[in-house]
Structure formats: C-alpha cells, structure tokens
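Chain by chain, the residues:
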Amino acid sequence: MKRVLISLPVLVAVLLAAIPMAQNAPAPQRVGFVDADRLIQAHPEFSKIQELRQQADAEIQPLLEQLQALDQKIQSGEATAKDRQDFDVLRQALNEANQKWQQRINEALKPITDDIDAAIAKVAPEQGFSVVMNRRVAAESNLVVFATPDTDLTELVIQELQR
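The structure displayed is predicted, hence computed values, not measured ones.

Novice: What should I look at first to understand the side chain of H43 in this one?
Specialist: Take H43: it is sitting in the loop between α2 (36–42) and α3 (46–76). Accessibility expressed as a relative area gives 6% for H43, which makes it buried. Within the structure, the side chain of H43 is placed 2.8 Å from the side chain of D115, a separation counted as a polar contact. If we skip the residues at most four places from it in the chain, H43 touches I112, D115, I116 and L161.

Novice: Explain α3 to me, please; I cannot follow it from the model alone.
Specialist: Think of an α-helix as 3.6 residues a turn; residues three or four steps apart then line up on the same face. Taking 1.5 Å of rise per residue, 31 residues should cover 45 Å, and α3 covers 43 Å from first to last C-alpha, within 8% of that figure. Residue I60 marks the point of greatest curvature in α3, where the axis turns by about 30 degrees; the proline P62 follows within four residues. The complete set of buried residues in α3 reads F46, I49, L52, A56, I60, L63, L67 and L70. Check the buried side of α3 and you find it contacts α2 and α4 (81–126). The positive-phi residue at the C-terminal boundary of α3 is G77, with phi of around 85 degrees.

Novice: Just to check I follow, could you spell out the nonpolar core for this structure?
Specialist: Generally speaking, a soluble globular protein has its nonpolar side chains buried in company with each other. The biggest cluster of nonpolar side chains holds 28 residues, and the ones touching the most others in it are L39, L153 and V157. Among the elements of the structure, α3, α4 and α6 (154–161) are those that each provide at least two residues to this core. Ranked by residue count, the leading element in this core is α4, at 13 residues. Sequence-distant contacts of L153, that is, excluding residues within four places in its chain, are made with G32, F33, V34, V123, A124, Q127, F129 and V132.

Novice: Is there a simple way to think about the environment of D71 in this case?
Specialist: Along the chain, D71 falls in helix α3. For D71, a relative accessible area of 31% gives the class partly exposed. Taking the C-alpha atoms as reference, D71 lies 9.0 Å from D83; in sequence the two are twelve residues apart.

Novice: When you look at the packing of α3 against α4 in this model, what are you seeing that I'm missing?
Specialist: Geometrically, a packed helix pair is captured by the angle between its two axes and the distance between the axes. Remark: α3 packs on α4, axes separated minimally by 9 Å, with the N-to-C direction vectors making an angle of 165 degrees. Of the possible angle classes, the one that applies to α3 and α4 is roughly antiparallel. Taken as a pair, α3 and α4 cross one another with a handedness that is left-handed. Tallied by class, the residues present in the contact of α3 with α4 amount to 20 nonpolar, three polar and ten charged.

About the thresholds
Residues numbered from 1 in each chain as written. Predicted model: local features only at pLDDT ≥ 70, side-chain atom pairs only at ≥ 80, totals over all residues. Heavy atoms only, no water. Helix = DSSP H or I, 4+ residues; strand = E, 2+ residues; numbered from the N terminus. Buried < 20%, exposed > 50% of the residue type's maximum accessible area, 1.4 Å probe, protein only. Polar contact = N/O pair within 3.5 Å; in protein donor to acceptor, adjacent residues only side chain to side chain. Contact = heavy atoms within 4.5 Å. Expected span 1.5 Å × (residues − 1). Bend = angle between axes of the 7 residues up to and from the residue. Core = buried A, V, L, I, M, F, W, Y, C linked by side-chain atoms within 4.5 Å. Axes fitted to C-alpha atoms, helices over the stretch in contact; angles between N-to-C directions. Parallel < 35°, antiparallel > 145°, perpendicular 65-115°, else oblique. Left-handed = near helix turned anticlockwise from the far one by under 90°. Nonpolar A, V, L, I, M, F, W, Y, C, P; charged D, E, K, R; others polar.

In structure tokens:
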C-alpha cells in the first residue's frame, strides 16, 4: 500500500511535467506532391529540350540501325572479323554519342529544374505544405501508396512557372 501511495505522487508529477511539452508539440507537417514530368513539359523553355532530343535521335538512330544489322550477322554466325571489329567501333561511338547528348540535355535542363524548384518553394508554403515529393517516385518506391487529390500542387506550380 505504501508503494502505491509513493508511486501516485511520482505519476502525477510526470503527468504535470508532460503537459507543457504536449502544448509545445510541433504542428503536423503537410506533404504535397507534384508531377515532375508535367512540370518540365509545362516550362516555357521545354522546346529547347525537345530540339536537343530530336538532334540526338538524328545522330543516334543511324548508329543503332548499323549496330542492329551487324548484331544480326554476328548472331547468325555470318559475321567476319571485320564485322565484329566494326560492331565494337560502332558500339563505342554509340556510347560516346549517348553520353555527349545526355550531358547536353542535362545542362539545358538545369535552369529549367532550378525554376521549377523555385516555383515549388514559393507555392508549397503558401498552400501550407512543408514537404513536396515527386508523385511518380513516391509511388514507384512504395513510399506513398495513397494521397488525396488536394495534396497535388502540380497545377499551382505550373501557374507559377507561367508568370
């Protein structure tokens, strides 16, 4: 019985000490989502990215066609040593072309993604969101399996980009 009487004041003291901490608890954070691909496509400078991709395709497509033809010869056993050598040279040229074009596209995308990040940073706090995630990445990683439509900031960010 004495034990219970001694424990009761300790329990009351702990509860009273917890009240101020509960009052200072941070407000819940709202998580929003954006469709990053739509944001990039909606950016006013996206046509430059499309042009670069078309240029890349124009350079890379003939290399791919030549590689496929040589690969068929190699697979069928009809390839000569020169065909195998040409295949290796073409494969190297294709890899270098892919790297070159990817670098150029990434460089052209940098100012676009910077603009998008700035627009998100402006819109999110205005709408009461403290965290914004890429909807596709969140879904593909199973990080988020459901979100209500009111958490999608894509249209608001597009409007901000077009200002």
